[in-house]
Amino acid sequence: MKYIVIGNGIAGIQAAETIRKMDSEGSITVIGDETYSPYCRPMISLVLEGVLSPEKLAIRGEDFYEKLHIEPVLGNRVTHIDVADRQVIIDETSKGGRKTSFSFDKLLIASGADARPIKADGLNLKNIFYMRGQEHVLKMLEALTTAKSALVLGGGLVGFKAAYGLMKRGLEVTILIKSGYPLSMQADEPAGDLILKELVKHGLKVFVGAEVSSFEGDRQVTGAHLTDNSFIKCDMVVIGKGVLPSLSFVPRDQIKVDLGIMVDEHLETSSSEIYAAGDVAEYVDIARKTRWVNAIWPEAVNQGRLAGMNMAGRPVSLKGSLSRNVIRIFDVDVMTCGLVNPPADSDHQVISQINPRKSLYRKLVFKNDILVGMVMVNQIDQGGLFAALIQSEIPVRIPKESMLSSSFNYKQLI
Ligand SMILES: Cc1cc2nc3c(=O)[nH]c(=O)nc-3n(C[C@H](O)[C@H](O)[C@H](O)COP(=O)(O)OP(=O)(O)OC[C@H]3O[C@@H](n4cnc5c(N)ncnc54)[C@H](O)[C@@H]3O)c2cc1C
């Protein structure tokens, strides 16, 4: 059996490891464009913050591929998949390179996501960074040796982690948020505001509602002109405006794509024996009951493992995907899971309590009697229990308000 895995992120690595555990004979090739040993992508923000050295990012040893008899083809980006001929192609002829083909019996697409690009003049100036991989953060560290001020674009998870890391490095940081409140994809407005207040308390400057139209600088960026005609001086820029599934090489006429690659419960795409997992894959969201791309680490781990099992011949089903996040910013802990901004209809019931003075907030979202979402700011101890309830879809039959109490205990559910 010939297995090919596109992508050497966590979904691809988990799949390759799982396949090897179940099939000691088959040939496994992992094609990935990053050349580092497998590493923990979310922790690159800790490297930026200065609390983790880049060497500590690795989650597998340098001998990972050799030990598992996996052929690594690294430093290369797949350009095409020939579904009919069962070939994966790296075509570098337009860059003066070679065209190489790899045949497969079973293929996993685990190419993750790319940082969402922005359009602005002067994007090629020095010290303007996207924040997606180890390479990006290593370049940022070089910039930190001289930079005194930074502009962060985007109020999502990556933008916030970047702003936090740069503030911890002592830079003067301005964040530019297009939508009304930060972390709008992960949290809701009250939680976003509590986080923002915490950052502002520590010196973060916030601009809401405008975007960058152009960057200024000679060779290196010195500032940004905004669409509202204002100008922000800065020595470096970090762009954290979300991600898009990385699937430009996927033939959409043969493999069904929505926002991500559409998979069934076995992580198989619309084309048989071709699977997808992780940030590139789209499956049904447990809380939303609709197709969704949940681009988070635990999903990529689980989906990679399940895809590997299915590819190696043991049918296992993914119940559904679920968004969940835990974020710590200065002294504020935030935990979110599932549907946090439900539609205003009679099926959904929202209960919440907030204490802005103590930065405490708790919100639970029910659909009929089933917990489908939660947001917690500080006192997040019961978050694991709530996440398990969302995942298991067990109806809650007790008075729901009792679950807002910080002393709530799982025994009350029985
Ligand atoms: C700064 C940052 C902070 C984050 N924080 C959190 C967090 O707190 N919690 C959380 O749950 N998640 C977090 N995430 C998201 C998490 O890192 C991802 O969900 C996870 O890494 C997805 O794994 P993956 O294997 O699907 O994709 P990836 O990790 O993106 O790996 C895909 C690999 O495939 C390669 N590739 C892409 N296209 C091709 C191609 N055509 N040919 C060959 N190789 C290709 C890519 O270069 C990459 O190496 C964070 C991400 C970032 C960037």
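Residues numbered from 1 in each chain as written. Predicted model: local features only at pLDDT ≥ 70, side-chain atom pairs only at ≥ 80, totals over all residues.

Peer 1: How would you summarise the overall build of the protein chain if you had to cite specific residues and measurements?
Peer 2: Looking only at helices and strands, the protein chain features 8 helices and 26 strands. Over its C-alpha trace the protein chain gives a radius of gyration of 22 Å, about what one expects of a compact globule, namely 22 Å for 414 residues. If you line up the protein chain on its principal axes, its C-alpha atoms span 65 × 60 × 40 Å. Residue burial in the protein chain is summarised as follows: out of 414 residues, 41% are buried. (Helix = DSSP H or I, 4+ residues; strand = E, 2+ residues; numbered from the N terminus. Rg over C-alpha atoms; globule rule 2.2 N^0.38 Å. Buried ≥ 20, exposed ≤ 12 C-beta atoms within 10 Å, placed from the backbone.)

Peer 1: Lay out the sheet that holds strand 3 (residues 70–74) in plain terms, naming residues and giving numbers.
Peer 2: In spatial order, the strands read 3-2-1-7-19; together these 5 strands make up an open sheet with parallel pairing. Pairing within the sheet leaves two strands with one partner each, and these edge strands are strand 3 and strand 19 (274–276). Within the sheet, the average angular offset between the axes of one strand and its neighbour, ignoring direction, is 15°. Of the pairings in the sheet, the one linking strand 7 (residues 106–109) to strand 19 comprises 3 bridges and is parallel in character. Counted as the bridge partner of Leu107 is Ile274 from strand 19. Each of strand 1 (2–6), strand 2 (27–32), strand 3 and strand 7 touches helix 1 (residues 10–22); the most contacted strand, strand 2, lies at about 175° to it. (Pairing = 2+ DSSP bridges. Axes fitted to C-alpha atoms, helices over the stretch in contact; angles between N-to-C directions. Contact = placed C-beta atoms within 7 Å.)

Peer 1: Just give me the short version of the nonpolar core, but keep the residues and values in it.
Peer 2: Counting residues in each nonpolar core, the largest one holds 71 residues, and the members touching the most others are Ala150, Val152, Ala163, Val173, Val237 and Ile390. Residue contributions to this core peak at 8 residues, all from helix 5 (residues 157–168). Residues within four places of Val173 in sequence aside, it is in contact with Ala150, Val152, Ala163, Leu166, Met167 and Leu204. Grouped together as the second largest cluster of nonpolar side chains are 45 residues, Ala16, Leu108, Ile274 and Ala295 included. (Core = buried A, V, L, I, M, F, W, Y, C linked by C-beta atoms within 7 Å.)

Peer 1: I'd like to hear about the domain arrangement of the protein chain, residue by residue, with values.
Peer 2: Looking at the protein chain, the domain boundaries give domain 1 (2–41 + 55–114 + 245–311), domain 2 (117–241) and domain 3 (331–413). A separation of 35 Å is found between the C-alpha centroids of domain 1 and domain 3. (Domains from an automatic or database assignment.)

Peer 1: Which residues make up the site of the ligand, and what values do they have?
Peer 2: Residues in close proximity to the ligand total 36 residues, the closest being Gly7, Gly9, Pro42, Gly112 and Gly278. Every element with two or more residues in the shell around the ligand is listed here: helix 1, strand 2, helix 2 (44–49), helix 5 and helix 7 (297–311). Here the residues of the shell around the ligand are counted per class, giving 18 nonpolar, 11 polar and 7 charged. Built from parts of two domains, the shell around the ligand gets at least three residues from each of domain 1 (2–41 + 55–114 + 245–311) and domain 2 (117–241). (Near = placed C-beta within 6 Å. Nonpolar A, V, L, I, M, F, W, Y, C, P; charged D, E, K, R; others polar.)

Peer 1: An account of the pairing of strand 16 (residues 236–239) is requested, with residue identities and associated values reported.
Peer 2: What you see with strand 16 is no split at all: Met236 and Val238 on one side and Val237 and Ile239 on the other are buried throughout. Note: strand 9 (residues 128–130) against strand 16, 3 bridges, orientation parallel. Note that in strand 16 the partner of Ile128 across the bridge is Val237. Sheet topology note: the strand 10 (residues 149–153)/strand 16 ladder contains 4 bridges and is parallel. Bridging across to strand 16, Leu153 finds its partner in Ile239.

Peer 1: Any chance you could break down the sheet that holds strand 18 (residues 261–262) for me, citing the residues and the numbers?
Peer 2: Across a sheet, paired strands are connected by hydrogen bonds in the backbone, their directions being either parallel or antiparallel. Taken in spatial order, the 3 strands make up an open sheet running 18-20-21, and their pairing is mixed. The sheet is open, and its two borders are formed by strand 18 and strand 21 (291–292), each paired with just one other strand. Of the pairings in the sheet, the one linking strand 18 to strand 20 (residues 281–284) comprises 2 bridges and is parallel in character. Paired with Met262 across the two strands is Glu282, which belongs to strand 20.

Peer 1: Just give me the short version of helix 1, but keep the residues and values in it.
Peer 2: Between the first and last C-alpha of helix 1 there are 18 Å, a value that for 13 residues agrees with the 18 Å anticipated at 1.5 Å per step. Buried within helix 1 are the following residues: Ile10, Ala11, Gly12, Ile13, Gln14, Ala15, Ala16, Thr18 and Ile19. Packing partners of the buried residues in helix 1 comprise strand 1, strand 2, strand 3, strand 7 and helix 7. (Expected span 1.5 Å × (residues − 1).)

Peer 1: Any chance you could break down the pairing of strand 14 (residues 221–226) for me, citing the residues and the numbers?
Peer 2: Here strand 13 (residues 212–217) runs beside strand 14; their pairing, made up of 5 bridges, is antiparallel. What sits directly across from Ser214, in strand 14, is His225. In sequence, strand 13 turns back onto strand 14 through a hairpin of 3 residues. In this structure, the hairpin formed by strand 14 and strand 15 (residues 231–233) is closed by a connection of 4 residues, where Asn229 is found at a positive phi of approximately 75°.

Peer 1: Just give me the short version of the packing of helix 1 against helix 7, but keep the residues and values in it.
Peer 2: Relative to each other, helix 1 and helix 7 sit at 30°, their axes nearing to 7 Å. As far as their axial angle goes, helix 7 and helix 1 are roughly parallel. The element helix 1 and its partner helix 7 pack so that their crossing is right-handed. For the pair helix 1 and helix 7, contact is made by Ile10, Ala11, Gly12, Ile13, Gln14, Ala15, Ala16, Thr18, Ile19 and Met22 and by Trp297, Ala300, Val301, Gln303, Gly304, Arg305, Ala307, Gly308, Met309 and Met311, respectively. (Parallel < 35°, antiparallel > 145°, perpendicular 65-115°, else oblique. Left-handed = near helix turned anticlockwise from the far one by under 90°.)

Peer 1: Help me get a handle on helix 4 (residues 134–144), residues and values and all.
Peer 2: Listed in full, the buried residues belonging to helix 4 are Gln134, Val137, Met140, Ala143 and Leu144. Looking at the buried positions of helix 4, the neighbouring elements they touch are helix 2, strand 9 and strand 16.

Peer 1: Give me the lowdown on unusual backbone geometry, citing residues and values where you can.
Peer 2: If you check the backbone angles, Asn229 has positive phi at about 75° while not being a glycine. Structurally, the position occupied by Asn229 is in the loop between strand 14 and strand 15. Take Asn229: there are 8 C-beta atoms within 10 Å of it, and that puts it in the exposed class.

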